[in-house]
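Here's the letter readout for the chains.
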Amino acid sequence: MTDLELATSAALAAGKLLRQHFGSDCTVDEAHHHDIKLALDKESQELITGILLGARPGDALYGEEGLAGNQDSERQWIVDPIDGTVNFFYSIPHFCVSIALRVAGEIVVGVIHDPMVGETWTVEKGGPAMLNGKPIQTSGRENFEQSILFVGCGKDEESLKTGIERFHRASLRARKMRMMGSAALGMAYIACGRLDGYIEARISLWDIAAGKLLVETAGGKVDLSPAPGHPDSWSIVASNGKLPIEEIL
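Okay, so let's go over this structure.

The rules behind each value
Residues numbered from 1 in each chain as written. Predicted model: local features only at pLDDT ≥ 70, side-chain atom pairs only at ≥ 80, totals over all residues. Heavy atoms only, no water. Helix = DSSP H or I, 4+ residues; strand = E, 2+ residues; numbered from the N terminus. Rg over C-alpha atoms; globule rule 2.2 N^0.38 Å. Buried < 20%, exposed > 50% of the residue type's maximum accessible area, 1.4 Å probe, protein only. Contact = heavy atoms within 4.5 Å. Areas by Shrake-Rupley, 256 points an atom, 1.4 Å probe, with all protein chains shown as cover. Lys, Arg positive; Asp, Glu negative; His and termini not counted. Charge placed at Lys NZ, Arg CZ, Asp CG, Glu CD. Pairing = 2+ DSSP bridges. Phe/Tyr/Trp six-rings, centres within 6.5 Å; stacked < 30°, edge-to-face > 60°. Lys NZ or Arg CZ within 6 Å of the ring centre and 35° of its normal. Axes fitted to C-alpha atoms, helices over the stretch in contact; angles between N-to-C directions. Core = buried A, V, L, I, M, F, W, Y, C linked by side-chain atoms within 4.5 Å. Polar contact = N/O pair within 3.5 Å; in protein donor to acceptor, adjacent residues only side chain to side chain.

## What about the overall build of the protein?
- A count of helices and strands for the protein gives six helices and 15 strands.
- By the compact-globule yardstick of 18 Å for 249 residues, the protein fits well, its C-alpha radius of gyration being 17 Å.
- When its C-alpha atoms are laid out on the principal axes, the protein stretches across 50 × 40 × 35 Å.
- The burial tally for the protein puts 53% of its 249 residues in the buried class.
- Residue pairs in contact within the protein that sit at least 24 positions apart in sequence constitute 61% of those at least 6 positions apart.
- A total of about 11000 Å² of accessible surface is found on the protein, and carbon and sulfur atoms cover 51% of it.
- In the protein, 23 positive and 34 negative side-chain charges are present, and the distance between their average locations comes to 7 Å.

## Some details on the pairing of strand β11 (residues 148–151)
- Relative to strand β12 (residues 176–178), β11 runs parallel, the two sharing three bridges. Within β12, the position partnered with F150 by the bridge is R178.
- Summarising the sheet, β11 and strand β13 (residues 197–204) pair through three bridges and their orientation is parallel. Paired with F150 across the strands is Y198, a residue of β13.

## Re the packing of aromatic side chains
- Across all of its chains, the model carries seven aromatic pairs by this definition.
- On the basis of an interplanar angle of 35° and a centroid distance of 5.6 Å, the ring pair of F22 and F95 is categorised as tilted. Here F22, found in the loop between α1 (3–21) and β1 (28–32), pairs with F95, found in the loop between α3 (85–89) and β6 (96–103); they are 73 residues apart in sequence, far enough to count as distant.
- The partly exposed category is assigned to F22, whose relative accessible area is 21%.
- Residues W121 and Y189 carry aromatic rings whose centres are separated by 6.0 Å and whose planes lie at 45° to one another, so their mutual orientation is tilted. With W121 in strand β8 (residues 119–124) and Y189 in helix α5 (residues 183–191), the pair connects residues that are 68 residues apart, well separated along the chain.
- A residue is classified by how much of its surface remains accessible, and W121, at 0% relative accessible area, is buried.
- Linked through ring pairs, F22, F88 and F95 together constitute an aromatic cluster.
- Geometry around Y189 places R194 over its ring, the cationic atom sitting 4.8 Å from the centre.

## As for the sheet that holds β11
- Pairing within the open sheet is mixed, and its five strands lie in the order β12-β11-β13-β15-β14. Two strands lie at the open edges of the sheet, namely β12 and β14 (221–226), each paired on one side alone. On average, each strand axis in the sheet is inclined to that of its neighbour by 15°, with strand direction left out of account.
- Lying on the sheet, α5 is in contact with β11, β13, β14 and β15 (233–239); it crosses β13 at an angle near 150°.
- Each of β13, β14 and β15 touches helix α6 (residues 205–217); the most contacted strand, β13, lies at about 145° to it.

## Re the sheet that holds β8
- Read across the open sheet, the eight strands follow the order β4-β3-β5-β6-β7-β8-β9-β10; overall the sheet is mixed. On the outer flanks of this sheet lie β4 (66–69) and β10 (134–135), each paired with one strand and no other.
- Bridging between β6 and strand β7 (residues 106–114) involves seven bridges; their strand directions are antiparallel. Looking at β7, one finds that A100 is bridged to G110.
- Across the sheet, α5 touches β5 (75–83), β6, β7 and β8, and the angle it forms with β7 is around 100°.
- Packing of α6 onto the sheet brings it into contact with β3 (60–63), β5, β6, β7 and β8, and relative to β7 it is tilted by some 100°.

## Considerations on the nonpolar core
- With 36 residues, the main nonpolar core has I78, I112, W121, M187, Y198, L214 and I236 as its most contacted residues.
- Breaking this core down by element, the ones donating at least two residues are β6, β7, β8, α5, β13, α6 and β15.
- Residues within four places of I112 in sequence aside, it is in contact with C96, V97, S98, E119, T120, W121, A184, L185, A188, A210, G211 and L214.

## With respect to the side chain of D196
- Here D196 shows up in the loop between α5 and β13.
- Within the structure, the side chain of D196 is placed 2.5 Å from the side chain of S139, a separation counted as a polar contact.
- A polar side-chain atom of D196 sits 2.8 Å from a polar atom in the side chain of R141.
- Setting aside its immediate chain neighbours within four residues, D196 contacts S139, R141, Q146, S147, I148, L149, I190, A238, S239, N240 and L243.

Put into structure tokens, the structure is as follows:
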């Protein structure tokens with residue numbers, strides 16, 4: 001089984017688990033003002049970990065719910081077991097499983113699976129970006145007046161303030177704005193031409209690792225800048241590669 005096939009099988013298995021529990025009462029492990037952690041987050045990551053490291057026991061795994069495997073390995077799986085946990089908790093069917101593989105510091109495999117819609121985006125370095133097995137590409141839109149943009153607002157006062165200011169500036173120029181609650185799905189939507197840009201002041205690597213390779217392979221552009229004072233958190237500007245999204249920063 002190739003790395004892409006392995007990542008896809010793990011994402012599908014986790015997606016099945018999430019779909020089975022969707023709409024039911026969930027155990028809340030942590031509840032913050034702007035975020036929720038569920039016991040199901042951990043259960044999903046444990047399922048993914050068992051599949052990935054069961055097949056690749058020498059690999060490392062870096063996930064939202066912790067580390068596993070050989071952390072000295074140059075092969076590292078980057079996992080978000082539920083991207084869009086708040087949506088899931090409120091029975092909003094917009095969330096996904098995101099899995100990427102980083103080898104010697106470079107993302108080489110990405111899978112984003114939406115279990116509610118039944119859509120799976122896959123990409124491998126050197127190959128095409130795919131949605132349910134069919135090649136995809138970013139939109140050809142070059143003007144803000146035709147665009148739909150996704151702005152994330154983060155989870156603390158500083159990033160919320162930045163996000164709201166950007167949302168306001170962008171809304172004056174874009175056709176429509178969206179704030180949907182899943183960074184990985186937002187990037188998947190850029191890759192297949194549904195959205196044209198995504199901006200967020202601070203986001204974790206597991207939210208965007210698979211999406212970065214997917215967007216870039218589909219013809220888009222992704223710029224990451226380290227978020228000062230927040231290890232392995234990033235400021236992200238992603239686009240279809242044609243829209244001058246930096247104008248609204």
